[in-house]
Amino acid sequence: MAQSIHISTLRKMLKAGDPIDLKLWTKSGEIQEWRNCVPLRYNFYKGTRQIKLLNSGQIRQVRDVCIFEVNGLEVFLSLICLILSIPIV
């Protein structure tokens, strides 16, 4: 079973500013993997976060809820989300 963390722990990791690896969903539903990136700032009103990809120097925006894996750890929103994702037989 893969280890997982709550989204609040993800936000603490992003606030620290250390280089991280992310897997996320884009607006179109595509899955992207960003390696060696650094969070820059968070816009509370838009709900977006700027992240700099260190390899290319690009700065991109992402919503925290679109991130589903950080440094190999799955991110979950709450216990209810985990319960709802279990198929009922």
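Refer to the structure presented above.
Residues numbered from 1 in each chain as written. Predicted model: local features only at pLDDT ≥ 70, side-chain atom pairs only at ≥ 80, totals over all residues. Heavy atoms only, no water.

Visitor: What is the right way to look at the side chain of Thr48 in this model?
Guide: Mapped onto the elements, Thr48 comes out in strand 4 (residues 48-53). Setting aside anything within four residues of it in sequence, one finds Thr48 in contact with Arg41, Tyr42, Asn43, Gln61, Val62 and Arg63. (Helix = DSSP H or I, 4+ residues; strand = E, 2+ residues; numbered from the N terminus. Contact = heavy atoms within 4.5 Å.)

Visitor: Explain the pairing of strand 3 (residues 31-43) here, please?
Guide: It is a general feature of regular strands that their side chains alternate between the two faces of the sheet. Here strand 2 (residues 20-25) runs beside strand 3; their pairing, made up of 5 bridges, is antiparallel. The residue bridging Leu22 from the neighbouring strand is Trp34, located in strand 3. Counting the residues that bridge the hairpin from strand 2 to strand 3 gives 5 residues, and of these Gly29 lies at a positive phi of roughly 95 degrees. The pairing of strand 3 with strand 4 spans 6 bridges and is antiparallel. Residue Asn43 lies in a different strand from strand 4, and its bridge partner there is Thr48. In this structure, the hairpin formed by strand 3 and strand 4 is closed by a connection of 4 residues, where Gly47 is found at a positive phi of approximately 75 degrees. (Pairing = 2+ DSSP bridges.)

Visitor: Sorry if this is basic, but what is going on with the pattern of salt bridges here?
Guide: Think of it this way: side chains of opposite charge can pair up when their charged atoms draw near. Applying the stated criterion across every chain, the model contains 5 salt bridges. Notably, a salt bridge pairs Asp64 with Arg11, separated by 3.0 Å at the nearest N-O pair. A residue pair is termed long-range when its members are at least 10 positions apart, and Asp64 in the loop between strand 5 (59-62) and strand 6 (67-70) and Arg11 in helix 1 (residues 7-16) qualify at 53 residues. Lys23 serves as the salt-bridge partner of Glu69, at 3.9 Å between the closest nitrogen and oxygen. Linking Glu69 in strand 6 with Lys23 in strand 2, this pair joins segments that are 46 residues apart in sequence. Assessed through its relative accessible area of 26%, Lys23 is described here as partly exposed. Look at the salt bridges and you will find they share partners, linking Arg11, Arg49 and Asp64 into a network. (Salt bridge = Lys/Arg side-chain N within 4 Å of Asp/Glu carboxyl O. Buried < 20%, exposed > 50% of the residue type's maximum accessible area, 1.4 Å probe, protein only.)

Just distances and angles here, no functional claims.
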